[in-house]
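# Structural overview for review
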Amino acid sequence: MPNTAAASLTTPASSKRGRPGYDQQSVLRIAVDVFNKHGYDATSMGLLAEHLGISKSAIYHHVPSKEDLLRLALEEALGGLEGVLQLDGATTGAPDARLEFVLRGTIEVLVSRLPFVTLLLRLRGNTEMERDALARRRVFDRTITGLVSDAQRDGSLRTDIAPGTVTRLLFGTINSIVEWYRPGGALSAEKLADDVLAISFQGLHK
């Protein structure tokens, strides 16, 4: 399957120029690393300033608040995932082919935006912004469940497992990637997607 999702979805959000040495995107990337290490709730602007090596007032030159950093980070993750659903491979063709395309695209977004997706997957829903993000995730999951259901109806997938269960098992596997995958190693994003799809659709038996 062509890797059109990766080509279309891996460009980071446009950067806003700020103080010398940093732009908004580089501040965001460091902030997301800190959020993932310490937890969003436990991260103060003082801690962010320490990791950035700049003053708190310098951070405010780039973003109005810690919450705005979270908003930008979540949009990187959710925008990428939702964008997969808009590509031709996700909207045309046989249901099972569309499902495979979306799963492959999801993995490619996860790998290319790993820190951002990791943050998304660790949300607890403690703020309205987090709850909104989790609601968008549920919409994405329901779309996948619909694809599974369509593929079951046309006979291309087994029907003895409920579509919602299939979706949860698929994304249990895919979401676990954030805990162990390290970009730049021997396992490329494309091979990782191949392996996940092989296990998901063909199993382990020869």
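So, here is what we can say about the structure in this document. Everything quoted here is computed from the prediction, not taken from an experiment.

### Considerations on the overall build of the chain
Helix and strand content of the chain: 12 helices and 0 strands. Each helix and strand of the chain, ordered N terminal to C terminal, gives the series α-α-α-α-α-α-α-α-α-α-α-α. Among the 206 residues that make up the chain, the fraction classed as buried is 42%. Looking at the chain as shown, the accessible area adds up to about 10,700 Å², and 53% of this sits on carbon and sulfur atoms.

### As for the packing of helix 7 (residues 95-112) against helix 9 (residues 128-153)
Relative to each other, helix 7 and helix 9 sit at 150 degrees, their axes nearing to 8 Å. When the interaxial angle is binned, helix 7 and helix 9 end up roughly antiparallel. Both helix 7 and helix 9 take part in a crossing whose hand is left-handed. Where helix 7 approaches helix 9, its residues P95, D96, R98, L99, V102 and T106 are matched on the opposing element by F140, I144, L147, V148, D150 and A151. Residues belonging to the contact of helix 7 with helix 9 are distributed by class as follows: 8 nonpolar, 1 polar and 3 charged.

### Here's the deal with the packing of aromatic side chains
Summed over all chains, the structure comprises 3 aromatic pairs. Pairing F35 with Y40 gives two aromatic rings, centres 5.0 Å apart and planes at 75 degrees, and the pair type is edge-to-face. Exposure class is identical for F35 and Y40. Each is buried. Consider the rings of W180 and Y181, whose centres lie 6.1 Å apart with planes at 80 degrees: the pair is edge-to-face. Since its relative accessible area comes to 45%, W180 is described here as partly exposed.

### Side note on the packing of helix 7 against helix 12 (residues 189-202)
Close contact between helix 7 and helix 12 brings their axes to 9 Å; oriented N to C, the two are set at 140 degrees. Between helix 7 and helix 12, the interaxial angle falls into the category oblique. Every pair of crossing elements has a handedness; the one defined by helix 7 and helix 12 is right-handed. Judged by residue contacts, L99, E100, L103, R104, I107 and V111 of helix 7 engage A189, E190, L192, A193, D194, V196, L197 and F201 from helix 12. When grouped by side-chain class, the residues that make up the contact of helix 7 with helix 12 number 10 nonpolar, no polar and 4 charged.

### Looking at the layout of surface pockets
As a volume, the largest pocket reaches approximately 350 Å³. Lining the largest pocket are 13 residues, with R158, I161, V166, L170 and S200 sitting closest to its centre. If you list the elements that add at least two residues to the lining of the largest pocket, you get helix 9, helix 10 (163-175) and helix 12. Sorting elements by how many residues they give to the lining of the largest pocket places helix 10 first, with 4 residues. Here the second largest pocket is characterised by a volume of approximately 230 Å³. Contributing to the lining of the second largest pocket are 13 residues, with G39, Y40, D41, R122 and R124 lying nearest its centre.

### Some details on empty space enclosed by the protein
Applying the stated rule across the entire model yields 1 cavity of 30 Å³ or more. Estimated volume of the largest cavity: approximately 130 Å³. Taken together, L78, L81, T106, L110, V117, L120, L121, R137, F140, D141, F171 and N175 make up the lining of the largest cavity. Those elements that provide at least two residues to the lining of the largest cavity are helix 5 (66-84), helix 7, helix 8 (114-121), helix 9 and helix 10. Residues of the lining of the largest cavity, tallied by class, amount to 8 nonpolar, 2 polar and 2 charged.

### With respect to the environment of I174
As for its placement among the helices and strands, I174 is situated in helix 10. When the C-alpha atoms of I174 and A193 are compared, they prove to be 9.2 Å apart, with 19 residues separating the residues in sequence. When residues no more than four places from it in sequence are discounted, the contact partners of I174 are L103, T106, I107, L110 and V196.

Rules behind the numbers
- Starting from 1, residues in each chain are numbered consecutively following that chain's sequence as written.
- Reporting in this predicted model follows two pLDDT cut-offs: at least 70 for local features of residues, and 80 or more for side-chain atom pairs to be given and counted; totals over whole chains, interfaces and linings ignore these cut-offs and use all residues.
- Only hydrogens and water are set aside; all other atoms, that is, all heavy atoms of the structure, feed into the side-chain values.
- Helix and strand assignments follow DSSP, with helices taken as H or I runs no shorter than four residues and strands as E runs no shorter than two, numbered in order from the N terminus.
- Partly exposed describes any residue whose relative accessible area lies between the buried limit of under 20% and the exposed limit of over 50%, with all areas from a 1.4 Å probe on protein chains only and scaled to the type maximum.
- In these tables, accessible area is a Shrake-Rupley quantity obtained with a 1.4 Å probe, and a residue counts as shielded only by the protein chains included in the view.
- Axis geometry follows a simple rule: fit a line to the C-alpha atoms, using only the stretch in contact for helices, then measure angles between N-to-C directions, giving values from 0 to 180 degrees.
- Angle categories: roughly parallel below 35 degrees, roughly antiparallel above 145, roughly perpendicular from 65 to 115, and oblique for all the rest.
- Each helix crossing is assigned a hand: it is left-handed if the near helix lies turned anticlockwise from the far helix by less than a right angle, otherwise right-handed if that turn is clockwise.
- Throughout, a contact is declared for two residues whenever any of their heavy atoms are within 4.5 Å.
- Amino acid classes used here: Ala, Val, Leu, Ile, Met, Phe, Trp, Tyr, Cys and Pro are nonpolar; Asp, Glu, Lys and Arg are charged; the rest, including Gly, are polar.
- Each pair of aromatic rings taken from Phe, Tyr and Trp, with Trp reduced to its six-membered ring, is defined by centres within 6.5 Å and is described as stacked if the planes are under 30 degrees apart, edge-to-face if over 60, and tilted in the remaining cases.
- Lining residues are defined by having an atom within 4 Å of a point belonging to a cavity or pocket. Those points lie on a 1 Å grid over the protein atoms alone, cavities being sets where a 1.4 Å probe fits but cannot get out and pockets being open sets with protein on both sides within 12 Å along at least five of seven lines.
- Grid points are joined across faces, edges and corners, and a volume is the space filled by probe spheres set on the points.

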